[in-house]
Amino acid sequence: FDMFILAFVERLFRPTYRKDDFVLGKKLGEGAFGVVYRVSLAKKPSSKEGDLVLKKATEYGAVEIWMNERVRRACANSCADFLYGFLETSPKKGAEYWLLWRFEGEVTLSDLMLSKEFPYNVETMITGKVQDSPKGLERENRIIQTIMRQLLFALDGLHSTGIVHRDIKPQNIIFSEGSRTFKIIDLGAAADLRVGINYIPKEFLLDPRYAAPEQYIMSTQTPSAPSAPVATALSPVLWQMNLPDRFDIYSAGLIFLQMAFPALRTDSGLIQFNRQLKRCDYDLDAWRKSVEPRAGLELRRGFELLDLDGGIGWELLTSMVRYKARQRTSAKAALAHPYFDREGLLVLSFMQ
Ligand code: ADP
Ligand code: MG
């Protein structure tokens, strides 16, 4: 009950906005369910140009606002800084949900990964300067390890709050220039199982490139959760039974793989990998056996990176990308994996 009062008071004192308050800038994204713009405040010329992000969403925006409000109170550092969400209805456009965040930075992990400089471009962004130590596998591994730690840290925050993201991919991981860390964005497909909000419309397709084989996070025996906050008492049990958080772990594992193997960073490369893995019954070791004998230099280099320090990178990867959800590691357990024992990059910020 206290939580409700706190949330109410906090909400009361936070600034409120309406759509006329914003000047739209560059379009940052457009999906089937909304458009995202960089915006600035119309009546505050002092505010930095385009230091906010606004998403105009269809009816599913209601769920996204709910998720962002929850994250804001429970695990704020995991995701982009959410400021406000509101509904505007007009006879012409019907119901539109508007969501406002702080502008976190110019690039997503996807932008960074598609650059020839990866992972050194990330090292520069995290440490704040160009490092001049010799390039090589060890250094690349240390950068990738730091990215994975930040991603798993953010995921652990979400999962401990009871939220599964369901759309973890490099395009939904933004580099926050303020904290010099990666943060998760786009809670449009997320599920909050502790309060029974698990609404995915029929037409909503999970991204097949990053989706775990189970596709749907709850087994088909689970009655579809209502869209109102009820069933609180039941949900933790369902969570334990179905381990829906492991859906995100699979996606995060694929990102790990893409970081180690440049050929898998393109759409076609990833799609081809997914086909190969399926043919190997989702057994990464079997996949390795099938490709390693005829692997080119680049592929071999990826295995070499994961084999450093007695193969702990490969060990972590194979504990994330597994067919059965219950055999996959959790975000919390992954963070305690020996892969992370070694020192990562030093983040020059107050947060980490
Ligand atoms: P969708 O994928 O539904 O279009 P997203 O929420 O993923 O919407 O946002 C689209 C794009 O907008 C992201 O890929 C990112 O480039 C940018 N973006 C979203 N939120 C922020 C933010 N808080 N700061 C900076 N850029 C953002
Ligand atoms: Mg997105």
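Residues numbered from 1 in each chain as written. Chains lettered and ligands numbered in written order. Predicted model: local features only at pLDDT ≥ 70, side-chain atom pairs only at ≥ 80, totals over all residues. Heavy atoms only, no water.

**A look at the layout of surface pockets**
The space that makes up the largest pocket amounts to roughly 1100 Å³. Broken down by secondary-structure element, the contributors of at least two residues to the lining of the largest pocket are strand E1 (22-31), strand E2 (34-41), strand E3 (52-57), helix H2 (61-74), strand E5 (94-102) and helix H3 (109-113). Top contributing element to the lining of the largest pocket by residue count: E1, with six residues. In terms of residue class, the lining of the largest pocket is built from 16 nonpolar, ten polar and 15 charged. (1 Å grid on protein atoms, 1.4 Å probe; cavity = no way out; pocket = protein on both sides within 12 Å on 5 of 7 lines; lining within 4 Å. Points joined across faces, edges and corners; volume = space filled by probe spheres on them. Helix = DSSP H or I, 4+ residues; strand = E, 2+ residues; numbered from the N terminus. Nonpolar A, V, L, I, M, F, W, Y, C, P; charged D, E, K, R; others polar.)

**Observations regarding the coordination of the magnesium ion (ligand 2)**
The protein atoms donating to the magnesium ion (ligand 2) are Asn172 (OD1) and Asp186 (OD), with metal-donor distances spanning 2.2 Å. Placement of the pair is Asn172 in the loop between strand E6 (163-164) and strand E7 (173-176) and Asp186 in the loop between strand E8 (181-184) and strand E9 (191-192), with a sequence separation of 14 residues. With a relative accessible area of 5%, Asn172 lands in the buried category. Judged by relative accessible area, which is 24%, Asp186 ranks as partly exposed. (Donors = N, O, S within 2.8 Å, 3.2 Å for Na, K, Ca; no water. Buried < 20%, exposed > 50% of the residue type's maximum accessible area, 1.4 Å probe, protein only.)

**Comments concerning the packing of helix H9 (residues 284-291) against helix H10 (residues 297-320)**
At a minimum axis distance of 13 Å, the contact between H9 and H10 shows a crossing angle of 160°. Judged by the inter-axis angle, H9 sits roughly antiparallel to H10. Crossing of H9 against H10: the hand is left-handed. Contacts between H9 and H10 involve Leu284, Asp285, Trp287, Arg288 and Val291 on the former and, on the latter, Leu299, Phe303, Asp307, Trp314, Leu317 and Thr318. For the contact of H9 with H10, a count of residues per class yields seven nonpolar, one polar and three charged. (Axes fitted to C-alpha atoms, helices over the stretch in contact; angles between N-to-C directions. Parallel < 35°, antiparallel > 145°, perpendicular 65-115°, else oblique. Left-handed = near helix turned anticlockwise from the far one by under 90°. Contact = heavy atoms within 4.5 Å.)

**Some thoughts on the sheet that holds E1**
The strands that make up a sheet pair up through hydrogen bonds in the backbone, lying either parallel or antiparallel. Taken in spatial order, the five strands make up an open sheet running E1-E2-E3-E5-E4, and their pairing is antiparallel. At either end of the open sheet lies a strand with only one pairing partner, and these are E1 and strand E4 (82-90). Neighbour to neighbour, the strand axes of the sheet diverge by 25° on average, direction disregarded. Examined bridge by bridge, E2 and E3 share six bridges and lie antiparallel to one another. Paired with Val39 across the bridge in E3 is Leu52. (Pairing = 2+ DSSP bridges.)

**Quick word on the site of ligand 1**
Neighbouring residues of ligand 1: 18 residues in total, closest Lys55, Arg102, Glu104, Asn172 and Asp186. Between ligand 1 and the protein, one listed contact pairs a nitrogen atom with a backbone N or O atom of Arg102 at 3.0 Å. Within the contact set of ligand 1, an oxygen atom lies 3.3 Å away from a backbone nitrogen or oxygen of Gln171. For ligand 1, the accessible surface in isolation is 550 Å², of which the surrounding protein chains cover 83%. Mapped onto the shell around ligand 1, the elements with two or more residues apiece are E1, E3 and E5. Residue classes in the shell around ligand 1 are distributed as eight nonpolar, five polar and five charged. (Near = heavy atom within 4 Å. Polar contact = N/O pair within 3.5 Å; in protein donor to acceptor, adjacent residues only side chain to side chain. Areas by Shrake-Rupley, 256 points an atom, 1.4 Å probe, with all protein chains shown as cover.)

**What about the nonpolar core?**
General note: in soluble globular proteins, nonpolar side chains tend to be found buried as a group. Residues Met148, Phe182, Ile255, Phe256, Phe273, Leu284 and Trp287 are the most contacted members of the largest nonpolar core, which totals 70 residues. With sequence-adjacent residues up to four places away left out, Trp287 is seen in contact with Phe261, Phe273, Gln276, Leu277, Cys280, Phe303 and Trp314. Residues Val39, Leu41, Tyr84 and Trp98 belong to the second largest nonpolar core, which totals 13 residues. (Core = buried A, V, L, I, M, F, W, Y, C linked by side-chain atoms within 4.5 Å.)

**Re the packing of aromatic side chains**
With the rule as written, the count across this model stands at 15 aromatic pairs. Centroid distance Tyr282 to Tyr323: 5.3 Å. Interplanar angle 40°. Geometry classified as tilted. On the criterion of sequence distance, the pair formed by Tyr282 in the loop between helix H8 (267-279) and H9 and Tyr323 in the loop between H10 and helix H11 (331-335) is long-range, its members being 41 residues apart. On the accessibility criterion, Tyr282 (19% relative accessible area) is buried. Grouping aromatic residues by their ring pairs yields a cluster made of Tyr17, Phe22, Tyr84, Phe86 and Trp98. The cationic tip of Arg38 hangs over the ring face of Phe103; the distance from NZ or CZ to the ring centre is 3.6 Å. Taking NZ or CZ as reference, Arg288 lies 4.9 Å from the ring centre of Trp314, over its face. (Phe/Tyr/Trp six-rings, centres within 6.5 Å; stacked < 30°, edge-to-face > 60°. Lys NZ or Arg CZ within 6 Å of the ring centre and 35° of its normal.)

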